[in-house]
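Structure at a glance
What follows is the residue order along each chain.
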Amino acid sequence: MSDPAQTATEEQLPAPHPGLSASEVAERVARGEVNDVPVRSSRSTADIVRANVFTRFNAIIGVLFLIILVVGPIQDGLFGFVIVANTAIGIVQELRAKKTLDSLAVIGEARPTVRRDGASCAIPTSGIVLDDVIELGPGDKCVVDGRVLEADGLEIDESLLTGEADPVLKRPGDAVMSGSFVVAGGGAFAATKVGREAYAAQLAEEASRFTLVHSELRTGISRILKYVTWMMIPTAIGLIVSQWIVQDHEWREAVRRMVAGIVPMVPEGLVLLTSVAFAIGVIRLGRRQCLVQELPAIEGLARVDVVCLDKTGTLTEGGMDVSELRLLDGAEGAAEGATAGGAPEAAPDAAPGPAEDREAYVRHVLGALGKADPRPNASLQAIIDAYSSPDGPHWQCTDSLPFSSARKYSGAALRSPGGESSTWLLGAPDVLLPADDPALAHVEELNARGLRVLLLARATRGLDDPGVTDGVRPTGLVVLEQRLRPDAGATLRYFAEQDVSAKVISGDNAVSVGAVAAKLGLTGAQGPVDARRLPAEREAMGRALDEGAVFGRVTPQQKRDMVGALQHRGHTVAMTGDGVNDVLALKDADIGVSMGSGSEATRAVAQIVLLNNSFATLPSVVAEGRRVIGNITRVATLFLTKTVYSVLLAILVVCFQVPYPFLPRHLTLLSTLTIGVPAFFLALAPNKERAKPHFVRRVMRYAIPAGVIAGAATFAAYLLARHYYAGPGALDAETSAATLTLFLISLWVLAIIARPYTWWRIGLVLAMGAGFLVVLGTPWLQHFFALKLVGATMPWAAVAVAAVACAALELAWRWVGRRFPA
C-alpha cells in the first residue's frame, strides 16, 4: 500500500502544462506569430560587397582612374586595376569567412526546450511561436518575453537588461524578459511576445551578429585616412597649377602628373589588407572549431596580458567522481532523529546503530538530494551516479532550494519512506560551518590534496528561512575527485612563455583550487587567496590580483569586480568560463571566451566560443590574434611611408616649380613591388609579439622619418638629373633616375620591415628586386613603364644617393627605437 501522506502531497502538486498542440502551433505560424527575429552570425553577402566596393577611397581612386581613361594612356591607369583586384580579394576572403562563421553558428546555435503535445523537444529559437511553453534550467537564456507558469526555486538574472546585479526570484505569474538568464532553479514560462515585439529582440540580434564594433586598429586607420583626405585637395590644386600654368605642360600631361602625385598618397591597400587579415584569421580559427562572434575580438586577443580562468571546465574536465564519504559526528544524530516525531520505520535507512547503518542512511539522503534537482551540476551528478539507485527506498522531496554560485549551497526538504521529514543542505563546508568548527580541519587536509569537498548538513530551519545555515548539524563530507584536463598544463606554460599572466578564479575552496593549479605547474599556485578576504576598493583589489595567481570562493559579482580592477590597472583581460556564474565577468572582460558546452547565457555574451570545449585551443586563438595585429602594424609602416614621401614630393615640386618627376605608372610599379605584393605575404606570416597600444603613434614614429628621407633623397636625385640631362627626352631620363632612387630606398624600407629575417623573407625582398631588374632589362616593359636609364654616370649617381639614404634610414630607425620606445 502507498503511504497516505505521500499520496496526499502528490495530489497537491499541479500537473505540468502540456504545451501547445501541433494544430495550435500551425495556426500561430499561419498568423505570423513566430519568433522571426533574423539571427545572423555574419554580414549578408550584399553587405560584404557594399562595404568593400563603396568606400571613400575607392570613390577617389575611381574618379582619378576615369580621368586617366580620358587623358590616357591606359598604362597610367594601372592603379585602377590594382584597386579592382584588391577589392575582389577582400570580398572573396570575407565571403569565405562568412561561410565558415555561418556553418559554425549552426553548431553553436541555442536550441531552447519547448513543450508541445505534452512532450519536451529542443527547437531553434526561430521556431518558437506565441504561447509556447518553454522550459528553463540553470544557464538557460530567456529568448522571448513571457509569463512564468512553473517555478522551482527559479532565480533569474536581469542585470544585462536592467543593471540590477541581484538575481530575482520568480513565481508563477511573474513576467520574464528576453535577454535575462537563469542562475538557479528551474521552471517553465509561456511566450507572450515573440519576434521583434520582445523586449530584448534587438539586443539578441546584435549579440548574435558578426559585428564591426570599436577597435583601436580601425579607429587609428580611420584617423590617418581622414588626415590624408584633408591633404589631398590642396595638394591636387597646387600640382595642377604648378604643372599646367607654371610649367606650361599640355593639359593632358599636367593632369597625368597631378594624378601621379595624388594616387600614392592614398594608403588604400591598408584598409583592404586589414579586412583580409581579419577574415583569414576568422577562417583559420574556424578550422579549429573556434567561433569568433565579433571581428575586433581578434584584435583584442593580440593585446591580452591577463587571462582569467575558471577552474571547472577549464583546468578540469566537467565530470567528477565521488572518491570518499566521511561521516561526521552529526551523522549519528541525523540517523537517530529519523524516527523522532514519526512512526517507527522498518526501512533500514532510518535505523540508528552501527556505523554501516548510519552510512547507509547518509547515502540515501544524498541520493534523494540528487533526485530533487532536475538539472544537476557536475558535483551533484557525481553524487547521483554514486548514491542514487532505482531499487533503493523511495524518498520524497517536498521543497527544494537549487544550487546558486552566490550562496554556495543547495538544499531540499525530504520525507523518508517512514514519513519522517527533514531538511538538508549540501554545499561548501567553509560557508555552512563556523570558522572554528573542527570538521574544517578534515576539509583543509582534503583540499590541500586538490580534492573537492562538499558538506552534507541537517538544518533545523526551513529552506525559506534567511538563517537556514545557522546551527546546522554536519553529517558527512562528500569527497570529489576532479579530472584534470590533459592539455591544461601545456596551455598554462604557453601563457607563461608569452608573458600573459594566468589568474585562476573559482567559486571553490581556495586551497583546493591552488592544489589543482599547482599540479598543473602554475606559478604562484602555492599562495591561494580566499576572495572573501579581498579588499572591496578597486585599486587595492587590483594590487592583490597582480600579486596572486589563484583565488577561491569568488562570487559572480566578485568575478565582475576582479575583471574591472585588473582593467583599472591597465591590463587587457580575457575571461574564460562556461557557467552561468561567469556571465557578468565575461560581459565586462575585454575578451569573453566561452566553452561550446557552456550555458546558453555565456555563449551569448562571449566574443569567442570554443565549440570543441578544449582549453588547449586558447594558445592558437591568442597566437592568431597576435599574428593578425602584429603584421598589420608592421605593413602599415610600408603604406604610410609611401604616403609621407608622396606628400613631401608634391610639396617640393610646387615649391621648386619643376615638373612632377613621375607618371602614375611609375608609382604603380613601385607600390606593387615594394608594398602591395610583399605586404600581402608579410600580413599572413607568423608573429608572436603581443600587440601594444597607440597604433597610430607606433606606426608614424617610423613612417614619418622613413618617408621624409625617401622623399628628400628622391627629389635630390631628380634635381641632379635635371642638371645632368638636357635636350629632347630629358624628362624621361630624369624620371627614370628618380624612379631608380625611390625604388632602392623603398626596397630598403621593406628589408627593414621584414626583419627578423627568415629564408622566405630574404627571398621575398630579393624577388622584388629581381622584378624591377626584369622591367629595366626587358625592352617592351621599358617602353610600357616609360623607364630607360640613359648613360652610366647618372644611374650610378642615383644608386649612390640611394645608398646614402639607406644609411640614414638605418640610423633613423635605431634612433627612433631609442628615443620613442613602443
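Just so it is clear, the model here is predicted, and its values are computed rather than measured.

Some remarks on empty space enclosed by the protein
Enumeration according to the criterion identifies six cavities of 30 Å³ or more in this entry. Taken as a whole, the largest cavity holds about 140 Å³ of empty space. Around the largest cavity sit 16 residues that line it, and A372, D373, S400, L401 and P402 are the ones nearest its centre. Of all elements in the fold, only β7 (181-193), α13 (355-372), β11 (396-404) and β12 (409-415) reach the threshold of two or more residues within the lining of the largest cavity. Considered class by class, the residues forming the lining of the largest cavity number eight nonpolar, five polar and three charged. Surrounding the second largest cavity, L638, T641, K642, Y645, T674, I675, S746 and V749 form its lining. Going through the elements one at a time, α23 (617-656), α24 (664-683) and α26 (730-753) are the ones with two or more residues in the lining of the second largest cavity. For the lining of the second largest cavity, the element with the most residues is α23, which contributes four residues. Class assignment for the residues of the lining of the second largest cavity results in four nonpolar, three polar and one charged.

Here we look at the packing of α24 against helix α27 (residues 759-777)
Relative orientation of the contacting elements α24 and α27 amounts to 160°, with a least axis distance of 10 Å. It follows from the interaxial angle that α24 and α27 lie roughly antiparallel. Considering the relative orientation of α24 and α27, their crossing is right-handed. Side by side, α24 and α27 meet where L669, L670, L673, V677, P678, F681 and L682 of the first sit next to W760, R761, L764, M768, G771, F772 and V775 of the second. Here the residues of the contact of α24 with α27 sort into 12 nonpolar, one polar and one charged.

Re the nonpolar core
With 134 residues, the main nonpolar core has L522, I608, F615 and F772 as its most contacted residues. Here this core takes 17 residues from α23, the largest share from any one element. Among residues more than four places away in sequence, those in contact with F772 are L669, L670, L673, T739, L740, F743 and L787. Counting 24 residues, the second-largest nonpolar core is a separate cluster that includes V563, L566, L586 and A601.

Focus on the packing of aromatic side chains
All told, the structure shown has 12 aromatic pairs when counted by the stated rule. Consider the rings of Y227 and W230, whose centres lie 5.8 Å apart with planes at 50°: the pair is tilted. In this pair, Y227 and W230 are both assigned in helix α8 (residues 216-246), three residues apart and thus about one turn of the helix distant. By relative accessible area, Y227 is classed as partly exposed at 40%. Between Y702 and W813, the ring centres sit 4.4 Å apart and the planes meet at 10°, which makes this aromatic pair stacked. Here W813 lies in helix α29 (residues 793-819) and Y702 lies in helix α25 (residues 695-724), a separation of 111 residues in the sequence. By the ring-pair criterion, three or more aromatic residues cluster together here, those being Y361, W395 and W424.

Digging into a nonpolar patch on the surface
Side chains of L66, L69, I74 and F81 sit close together on the surface and give an oily, nonpolar patch of about 390 Å² of accessible area. Here L69 falls in the partly exposed class, since its relative accessible area comes to 44%.

A look at the confidence of the model for the chain
Mean pLDDT over the chain: 81, with 88% of residues reaching 70 or higher. Confidence scores differ between elements of the chain, with helix α1 (residues 4-12) showing the lowest mean pLDDT of 39 and α27 the highest of 94. Below pLDDT 50 for its whole length, residues 1-13 participates in seven contacts with residues either more than four positions away or in separate chains. Note that pLDDT drops below 50 for residues 338-353; the model gives that stretch 24 contacts with residues more than four away or on any other chain.

As for the packing of helix α17 (residues 488-497) against α23
Following both chains from N to C, one finds α17 and α23 inclined at 25°, their axes separated by 8 Å at the closest point. On the basis of the axis angle, α17 is roughly parallel to α23. For the pair α17 and α23, the contacting residues are T491, Y494 and F495 in the first and L618, P619, V622 and A623 in the second. For the contact of α17 with α23, a count of residues per class yields six nonpolar, one polar and no charged.

Quick notes on the rules
Residues numbered from 1 in each chain as written. Predicted model: local features only at pLDDT ≥ 70, side-chain atom pairs only at ≥ 80, totals over all residues. Heavy atoms only, no water. 1 Å grid on protein atoms, 1.4 Å probe; cavity = no way out; pocket = protein on both sides within 12 Å on 5 of 7 lines; lining within 4 Å. Points joined across faces, edges and corners; volume = space filled by probe spheres on them. Helix = DSSP H or I, 4+ residues; strand = E, 2+ residues; numbered from the N terminus. Nonpolar A, V, L, I, M, F, W, Y, C, P; charged D, E, K, R; others polar. Axes fitted to C-alpha atoms, helices over the stretch in contact; angles between N-to-C directions. Parallel < 35°, antiparallel > 145°, perpendicular 65-115°, else oblique. Left-handed = near helix turned anticlockwise from the far one by under 90°. Contact = heavy atoms within 4.5 Å. Core = buried A, V, L, I, M, F, W, Y, C linked by side-chain atoms within 4.5 Å. Buried < 20%, exposed > 50% of the residue type's maximum accessible area, 1.4 Å probe, protein only. Phe/Tyr/Trp six-rings, centres within 6.5 Å; stacked < 30°, edge-to-face > 60°. Patch = residues over 30% accessible without salt bridge, like charges linked within 9 Å, V, L, I, M, F, W, Y side chains within 5 Å. Areas by Shrake-Rupley, 256 points an atom, 1.4 Å probe, with all protein chains shown as cover. Salt bridge = Lys/Arg side-chain N within 4 Å of Asp/Glu carboxyl O. pLDDT = per-residue confidence, 0-100.

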